[in-house]
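# Inside the fold
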Amino acid sequence: ILELLIWYAVNDPDPGPDRGEFEGLESGRRVHTVGINSVRGRVAECLGVLVHADAERIPKLRYAIDAVVGDDSEAVRCCAAVVGAGLIRHRTDLAVDLAERLLQADGMTLATWPLERLLWYLLPAHTERLLPYLEQMLVSPVEEIVAVGSRRICLAALSDERASELATRCIQ
């Protein structure tokens with residue numbers, strides 16, 4: 001069954017190429033909706049559940065994990081954040097690496113709930129690594145991305161002094 005999931009994560013044509021359909025209000029929500037209603041996006045979320053339940057699956061699924069994190073579709077990358085949340089239990093280092101890869105991508109993936117939740121889990125222990133990406137989000141021309149970055153920076157400031165200066169900028 002794992003081989004079948006790997007095949008679908010890497011090869012299924014659904015969803016097709018992004019065509020700018022995520023522009024506009026609440027587009028972070030739309031990205032996630034498209035993701036969970038597509039084959040590769042749904043498989044990405046399943047990968048997160050599978051690695052959370054059993055660390056021994058991580059090496060077997062690593063190729064598929066890398067595929068969904070680097071997918072051309074923003075909707076699939078959004079769902080790949082669920083994999084990061086699943087990895088935290090066994091391999092926090094991989095979860096942080098995955099988060100960094102997702103944060104380096106442009107687009108509305110940065111405004112989605114799965115990525116924001118992953119950051120919520122990781123920031124208390126990994127502020128130093130993730131804070132530069134959040135700072136970049138503050139200068140995005142997309143209001144939703146700025147809002148997500150601001151929320152995560154303010155949360156990080158509660159437990160890490162390095163985020164305090166940025167949090168002050170966020171609330172001014």
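About the thresholds
- Residues numbered from 1 in each chain as written.
- Predicted model: local features only at pLDDT ≥ 70, side-chain atom pairs only at ≥ 80, totals over all residues.
- Heavy atoms only, no water.
- Salt bridge = Lys/Arg side-chain N within 4 Å of Asp/Glu carboxyl O.
- Helix = DSSP H or I, 4+ residues; strand = E, 2+ residues; numbered from the N terminus.
- Buried < 20%, exposed > 50% of the residue type's maximum accessible area, 1.4 Å probe, protein only.
- Axes fitted to C-alpha atoms, helices over the stretch in contact; angles between N-to-C directions.
- Parallel < 35°, antiparallel > 145°, perpendicular 65-115°, else oblique.
- Contact = heavy atoms within 4.5 Å.
- Nonpolar A, V, L, I, M, F, W, Y, C, P; charged D, E, K, R; others polar.
- Lys, Arg positive; Asp, Glu negative; His and termini not counted.
- Polar contact = N/O pair within 3.5 Å; in protein donor to acceptor, adjacent residues only side chain to side chain.
- 1 Å grid on protein atoms, 1.4 Å probe; cavity = no way out; pocket = protein on both sides within 12 Å on 5 of 7 lines; lining within 4 Å.
- Points joined across faces, edges and corners; volume = space filled by probe spheres on them.

## Looking at the pattern of salt bridges
What the rule picks out here adds up to twelve salt bridges. One salt bridge in this structure joins Asp 66 and Arg 62, with 3.6 Å as the shortest N-O distance. Taken together, the residues Asp 66 and Arg 62, both in helix α4 (residues 57–69) and four residues apart, mark about one turn of the helix. Look at Asp 66 and you get partly exposed, because its relative accessible area is 30%. A salt bridge links Arg 162 to Glu 128; the shortest N-O distance between them is 2.9 Å. Taken as a pair, Arg 162 in the loop between α8 (143–157) and α9 (164–171) and Glu 128 in helix α7 (residues 113–137) lie far apart in primary sequence, 34 residues in all.

## Digging into the packing of helix α3 (residues 39–53) against helix α5 (residues 74–87)
Packing of α3 against α5 brings their axes to within 7 Å, and their N-to-C directions diverge by 5°. Here α3 is positioned roughly parallel relative to α5, judged by the angle of their axes. Side by side, α3 and α5 meet where Arg 40, Gly 41, Ala 44, Glu 45, Leu 47, Gly 48, Val 51 and His 52 of the first sit next to Val 76, Cys 79, Ala 80, Val 82, Val 83, Gly 86 and Leu 87 of the second. When its residues are assigned to classes, the contact of α3 with α5 shows nine nonpolar, four polar and two charged.

## Describing the side chain of Asp 12
Within the secondary structure layout, Asp 12 lies in the loop between α1 (2–11) and α2 (27–36). Buried Asp 12, no salt bridge; nearest opposite-charge side chain is Arg 40, N-O distance 5.4 Å. Setting aside chain neighbours within four positions, we find Asp 12 in contact with Trp 7, Val 39 and Arg 40.

## A short note on the side chain of Ser 38
Inspection of the secondary structure puts Ser 38 in the loop between α2 and α3. For Ser 38, a relative accessible area of 5% gives the class buried. Engagement of the side chain of Ser 38 in a polar contact is seen with the backbone nitrogen of Gly 41, the distance being 3.2 Å. Those residues in contact with Ser 38 that lie beyond four places of it in its chain are Asp 14 and Pro 15.

## Some words on the layout of surface pockets
Space inside the second largest pocket adds up to approximately 200 Å³. Taken together, 13 residues make up the lining of the second largest pocket; nearest its centre are Leu 103, Ala 105, Asp 106, Leu 110 and Gln 136. Elements that contribute at least two residues to the lining of the second largest pocket include exactly α6 (92–104) and α7. In terms of residues, the lining of the second largest pocket owes the most to one element, α7, which gives three residues. Each residue belonging to the lining of the second largest pocket can be placed in one class, and the counts come to eight nonpolar, four polar and one charged.

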